[in-house]
Amino acid sequence: MEPLNLKQRIGIDIGRRVSVESGLEWAAENEVHFIDVQTDIDPNRLESFDAQRCANVRTLKDKHNIRLGLHTLSGVNVAEFSPFCREAVDQYLKAYIDLAVNLDAGWIVVHGGYHFTNCRALRLRTSIERLSRIADYAQSKGILLLLENLNWEPVLAEVNYMPVTPAECMHFFNEIQNPALRWSFTANHAHFLPGVGIEKFIDAMDFSLCHEVRLADNNGSYEIHQQPGDGSIDFGAMFKKIEGLGYNGHYTNGFGSIDDMLVGRDYLIARAKEAGVPIN
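Once a new chain begins, its residue numbering starts again from 1 and follows that chain's sequence as written. Local features in a predicted model are, by the rule used here, given only for residues with pLDDT of at least 70; side-chain atom pairs are given and counted only at 80 or more, and totals for whole chains, interfaces and linings are based on all residues. To obtain the side-chain values, all non-hydrogen atoms of the structure were used and water was disregarded.

Helical segments are the DSSP runs of H or I of at least four residues, strand segments are the runs of E of at least two, and each set is numbered from the N terminus. On the secondary structure map, Trp183 appears in strand β8 (residues 181-186). Trp183 sits 169 residues away from Ile14 along the chain, and the two C-alpha atoms are 20 Å apart. A contact between two residues is defined here by any heavy atoms of the two lying within 4.5 Å. Apart from the residues lying within four places of it in its own chain, the contact partners of Trp183 are Leu146, Leu147, Asn149, Phe173, Phe201, Met205, Asp206, Phe207, Leu209, Cys210, His211 and Glu212.

And the structure:
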């Protein structure tokens with residue numbers, strides 16, 4: 001198979017905007033080679049993926065040669081330790097892995113959960129223990145999990161995501177030594193992390209762990225997924241940094257509508273070209 005150029009490597013986060021089947025058809029019509037979907041609620045409710053629907057999705061994916069990933073919901077607290085809830089979170093993650101097998105999906109984006117300030121240490125330990133055993137399950141099924149760096153919350157916020165900083169991310173990877181768990185780098189989250197930013201975040205990480213880069217613009221102040229060009233991210237510099245490290249994986253646009261993300265792809269390629277990044 002011919003290597004993909006930079007534009008072809010920029011995918012689209014379909015999420016739950018449309019059904020996965022419609023998303024695959026749309027991707028084929030618009031020369032999008034990577035999509036990811038969320039399967040929590042309609043139109044992609046996990047329980048709706050019976051054998052026939054899974055077969056239909058695999059047929060469409062293979063027909064159009066599109067790489068498909070799944071994306072768990074960050075609102076499900078992977079750091080949950082309460083009775084009944086803790087078993088449910090395990091079942092939730094395992095169900096996503098089982099579905100990935102049935103759909104022949106290439107990856108699943110997962111999260112570290114969140115804590116409530118005074119229980120951070122316990123929540124962190126719970127998250128690492130859960131992701132460790134879930135990574136073992138994923139490895140047994142041949143599925144790749146991608147842990148996303150999540151967004152920073154204001155200092156006085158009671159609820160905070162994990163992992164947010166490079167140090168937190170590397171703590172997860174150092175504690176969970178499993179090739180089935182790798183990194184999904186959300187650049188816009190790094191951009192407004194106080195005192196860090198995209199370049200310093202990358203420099204503080206082992207970038208060989210990265211198997212996806214997620215893209216949206218950001219105003220530099222708080223969590224918001226803006227159309228590229230509406231915020232303050234220097235996408236040219238970002239592509240130059242990442243591509244200069246030898247990264248040849250995919251990118252995923254995550255903002256607005258699917259058509260907004262398609263327009264954003266052209267904007268991103270223009271910025272990369274202006275920065276002298278090879279796009280072909």
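This part takes up the pattern of salt bridges. Definition used for salt bridges: Asp or Glu carboxyl oxygen within 4 Å of a side-chain nitrogen of Lys or Arg. For the structure shown, the criterion picks out 18 salt bridges. One salt bridge in this structure joins Arg214 and Asp36, with 2.8 Å as the shortest N-O distance. Of this pair, Arg214 sits in strand β9 (residues 210-215) while Asp36 is found in strand β2 (residues 34-37), placing the two residues 178 residues apart along the sequence. Per residue, the accessibility class of Arg214 equals that of Asp36, and both read buried. Across the pair Asp90 and Arg130 runs a salt bridge, and its minimum N-O distance is 2.5 Å. A residue pair is termed long-range when its members are at least 10 positions apart, and Asp90 in helix α3 (residues 85-103) and Arg130 in helix α4 (residues 120-141) qualify at 40 residues. Burial classes follow relative accessibility: with a 1.4 Å probe on protein chains only, a residue under 20% of its type's maximum area counts as buried, one over 50% as exposed, and anything between as partly exposed.

The linkage connecting Asp42 with the following residue, Pro43, adopts the cis geometry, with an omega of 10°. Relative to the helices and strands, Pro43 is located in the loop between β2 and α2 (51-64). In this structure, Pro163 follows Met162 across a cis peptide bond, with omega equal to -15°. Relative to the helices and strands, Pro163 is located in the loop between β7 (160-161) and α5 (166-175). Of note in the backbone geometry, Glu31 takes a positive phi value of approximately 55° without being a glycine. Given a relative accessible area of 60%, Glu31 falls into the exposed group. You will see that Phe84, though not glycine, has its phi angle at about 70°, which is positive.

Take α5 next. What α5 keeps buried is the set Pro166, Glu168, Cys169, Met170, Phe172 and Phe173. Packing partners of the buried residues in α5 comprise α4, β6 (145-148), β8 and α7 (197-203).

So, on to the packing of aromatic side chains. Two rings belonging to Phe, Tyr or Trp (six-membered ring only in the last case) form a pair when the distance between their centres is within 6.5 Å. Interplanar angles under 30 degrees mark stacking, angles over 60 mark edge-to-face geometry, and anything in between is tilted. All chains considered together, the criterion is met by 12 aromatic pairs. Measuring from ring centre to ring centre gives 6.0 Å for Tyr114 and Phe116, while their planes differ by 75°; the resulting arrangement is edge-to-face. What makes Phe116 partly exposed here is its relative accessible area of 28%. Aromatic pair Trp183 and Phe201: ring centres 6.1 Å apart, planes at 20°, arrangement stacked. Separated by 18 residues along the polypeptide, Trp183 in strand β8 and Phe201 in helix α7 bring together distant segments of the chain. Phe201 matches Trp183 in its accessibility class, with the two residues each being buried. Feature note: the residues Trp183, Phe185, Phe201, Phe207, Phe239, Tyr247 and Tyr251 constitute an aromatic cluster, connected by ring pairs. Any Lys NZ or Arg CZ that is within 6 Å of a ring centre and within 35 degrees of that ring's normal is treated as a charge sitting over the ring. Sitting over the face of the ring of Phe49, Arg53 holds its NZ or CZ atom 4.1 Å from the ring centroid. The cationic tip of Lys94 hangs over the ring face of Tyr137; the distance from NZ or CZ to the ring centre is 5.4 Å.

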